[in-house]
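Chain by chain, the residues run as shown.
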Amino acid sequence: MKSSQVPQQNISTYADNKKAMYAIGSDGKYVRVASSGWEVEEAATMQALAELERLAAHARRQVEQGRVAPLYYHMYARRMDLQTLAQATGFFKWRIKRHFSPKIFAGLSDKILARYTEALGISREALCRLPAGDDHGA
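All values derive from a computational prediction rather than experimental measurement.

Visitor: Explanation requested: the overall build of the protein chain in the structure shown.
Guide: The helix and strand tally for the protein chain stands at seven helices and two strands. Along the protein chain, helices and strands appear, N-terminal first, in the series β-β-α-α-α-α-α-α-α. Taken against the 2.2 N^0.38 rule, which gives 14 Å for 138 residues, the C-alpha radius of gyration of the protein chain at 20 Å runs more than 25% over that of a compact globule. Each of the three principal axes of the protein chain carries a C-alpha extent, and together these read 60 × 30 × 20 Å. The buried share of the protein chain, reckoned over its 138 residues, is 37%.

Shown next, in the form of structure tokens:
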């Protein structure tokens, strides 16, 4: 794409910010160009966010029913999935899945809980419970 063709549609998901994109400049070399986004990207982002909200709501119900530990909810509420949480904590995915069990989660060490709290950006107290109401923050 030429630098003059980089989308500038001021999408809402950028919150009046811009991101760097690479395009071909007038001299035929790649240059960095600031873009305010384009509508297709915004639609994809909004769809992904809606899916994470749906997953968080489902996870909340699962925790309320005692089927999974609060960790499961917080993962989605913090816009993560299993792969992202595994990368952020350094735990294998199978190990995190095991930690979703309420019984296993209740016995986790302070050291393991600290890795989750750091990755999720929440306190230990918040990690171990659901927030009040339908609030997806912690």
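There is more to say after this.
Visitor: Help me understand the environment of G37, please; the structure alone is not making it clear to me.
Guide: As for its placement among the helices and strands, G37 is situated in the loop between β2 (30-35) and α1 (39-64). Along the sequence, G37 and Q47 sit ten residues apart, while their C-alpha atoms lie 16 Å from each other. What G37 contacts, discounting residues up to four positions off in sequence, is P7, Q8, Q9, N10, I11 and Y14.

Visitor: Got a minute to help me understand the pairing of strand β1 (residues 19-24) in this structure?
Guide: The side chains of a regular strand alternate between the sheet's two faces. Note: β1 against β2, six bridges, orientation antiparallel. Bridging from a neighbouring strand, A20 pairs with A34 of β2.

Visitor: Just to check I follow, could you spell out α1 for this structure?
Guide: Along an α-helix, residues three or four positions apart point the same way, because every turn accommodates 3.6 residues. The end-to-end C-alpha distance of α1 is 37 Å, a good match for the 38 Å that 26 residues give at a rise of 1.5 Å each. Looking only at α1, the buried set comprises E41, E42, L52, A56, A59, R60, Q62 and V63. Along its buried surface, α1 packs onto β1 and α2 (70-77). Backbone geometry just downstream of α1 places G66 in the positive-phi region, at approximately 80°.

Visitor: Would you take a moment to explain the environment of E39 for this structure?
Guide: Along the chain, the position of E39 falls in helix α1. Placed 27 residues apart in sequence, E39 and S12 show a C-alpha to C-alpha distance of 9.3 Å. Non-local contacts of E39, meaning those with residues more than four positions away in its chain, are made with Q9 and I11.

About the criteria used
- Residues numbered from 1 in each chain as written.
- Predicted model: local features only at pLDDT ≥ 70, side-chain atom pairs only at ≥ 80, totals over all residues.
- Heavy atoms only, no water.
- Helix = DSSP H or I, 4+ residues; strand = E, 2+ residues; numbered from the N terminus.
- Rg over C-alpha atoms; globule rule 2.2 N^0.38 Å.
- Buried < 20%, exposed > 50% of the residue type's maximum accessible area, 1.4 Å probe, protein only.
- Contact = heavy atoms within 4.5 Å.
- Pairing = 2+ DSSP bridges.
- Expected span 1.5 Å × (residues − 1).

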